[in-house]
Amino acid sequence: MVDTIADNASSGGVILGSCPVSLDQLDLRLAGCNLHINGELVATGAGGAVLGSPLSALVWLANTVGPLGVTLEPGHVVLPGSMTGAYPVAPGDSIVATISGLGTVT
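Residues numbered from 1 in each chain as written. Predicted model: local features only at pLDDT ≥ 70, side-chain atom pairs only at ≥ 80, totals over all residues. Heavy atoms only, no water.

Asks: Which residues make up the nonpolar core, and what values go with them?
Replies: Formed by Leu26, Leu28, Ala31, Cys33, Val50, Ala57 and Met83, the largest nonpolar core amounts to seven residues. For Cys33, the residues in contact, after removing those within four places along its chain, are Ala43, Thr44, Gly45, Met83, Thr84, Thr98 and Ile99. (Core = buried A, V, L, I, M, F, W, Y, C linked by side-chain atoms within 4.5 Å. Buried < 20%, exposed > 50% of the residue type's maximum accessible area, 1.4 Å probe, protein only. Contact = heavy atoms within 4.5 Å.)

Laid out in structure tokens, this is it:
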């Protein structure tokens, strides 16, 4: 868990929101995250923890796979990395993540 990298090796799933936010309305570098597990605040983070900005991770990906003939198309879902560390969870745990400017997911 300490040395997890953003390669989908540790992801068990993803939750996509239903209210997209335009990138000109949000500075992803400064977007803060609070992560609660069973009501306890276990982590805080910011988008800047993801290669300086989640957009930097996306640009790196596009520049890396482009020469291989892979293109990123509208509608593709890309997981650029985590704003917090990884934490173990168990069945029945309540997980709440709040990201400023984007909302809350439980």
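Asks: Requested: an account of unusual backbone geometry, with residues and values cited.
Replies: With a phi close to 50 degrees, Asn38 is a non-glycine residue in the positive phi region. Structurally, Asn38 is set in the loop between strand S1 (32–37) and strand S2 (40–46). (Helix = DSSP H or I, 4+ residues; strand = E, 2+ residues; numbered from the N terminus.)

Asks: Got a sec to walk through a nonpolar patch on the surface? Specific residues and values, please.
Replies: On the surface, a nonpolar cluster with roughly 370 Å² of combined accessible area is contributed by Val14, Leu16, Val77 and Leu79. Looking at the element boundaries, Leu16 is found in the segment before S1. (Patch = residues over 30% accessible without salt bridge, like charges linked within 9 Å, V, L, I, M, F, W, Y side chains within 5 Å. Areas by Shrake-Rupley, 256 points an atom, 1.4 Å probe, with all protein chains shown as cover. Salt bridge = Lys/Arg side-chain N within 4 Å of Asp/Glu carboxyl O.)

Asks: Pulling in residues and values, what's your account of the pattern of salt bridges?
Replies: Within this structure, the stated rule accounts for one salt bridge. In this structure, Arg29 engages Asp27 in a salt bridge whose closest nitrogen and oxygen atoms are separated by 2.6 Å. When its relative accessible area of 44% is taken as the criterion, Arg29 is described as partly exposed.

Asks: Please set out the pairing of S2 residue by residue, giving values where relevant.
Replies: Both S1 and S2 contribute to a ladder of six bridges, which runs antiparallel. What sits directly across from Asn34, in S2, is Thr44. (Pairing = 2+ DSSP bridges.)

Asks: I'd like a description of the sheet that holds S2, backed by residues and values.
Replies: Taken in spatial order, the four strands line up as S2-S1-S3-S4 in an open sheet, and their pairing is antiparallel. Where the open sheet ends on each side, the last strands, each with one partner, are S2 and strand S4 (103–105). Strand after strand, the sheet turns through a mean of 15 degrees between neighbouring axes, direction not considered. Here S1 pairs with strand S3 (residues 95–99) via five bridges, running antiparallel. Opposite Cys33, over in S3, you have Ile99 as the bridge partner. (Axes fitted to C-alpha atoms, helices over the stretch in contact; angles between N-to-C directions.)

Asks: Give me the lowdown on helix H1 (residues 54–65), citing residues and values where you can.
Replies: Relative to the 16 Å expected for twelve residues at 1.5 Å per residue, H1 spans 17 Å between its end C-alpha atoms, a close match to the ideal helical length. Those residues of H1 that fall on the buried side of the exposure criterion are Pro54, Ala57 and Val65. Burial along H1 is one-sided: seen end-on, the buried residues are contained in an arc of 55 degrees. Relative to its buried face, H1 has exposed residues pointing more than 90 degrees away, namely Trp60 and Asn63. (Expected span 1.5 Å × (residues − 1). Arc of directions from axis to C-beta.)

Asks: Requested: an account of the environment of Gly52, with residues and values cited.
Replies: With respect to the secondary-structure elements, Gly52 resides in the loop between S2 and H1. The partly exposed category is assigned to Gly52, whose relative accessible area is 38%. Measuring from C-alpha to C-alpha, the distance between Gly52 and Leu30 comes to 9.6 Å, with 22 residues separating the pair along the chain. Setting aside its immediate chain neighbours within four residues, Gly52 contacts Arg29 and Gly47.

Asks: With reference to specific residues and values, describe the environment of Thr104.
Replies: Structurally, Thr104 can be placed in strand S4. Between the C-alpha atoms of Thr104 and Asn34, which are 70 residues apart in sequence, the distance is 9.3 Å. At a separation of 3.0 Å, a polar atom in the side chain of Thr104 contacts the side chain of Thr98. (Polar contact = N/O pair within 3.5 Å; in protein donor to acceptor, adjacent residues only side chain to side chain.)

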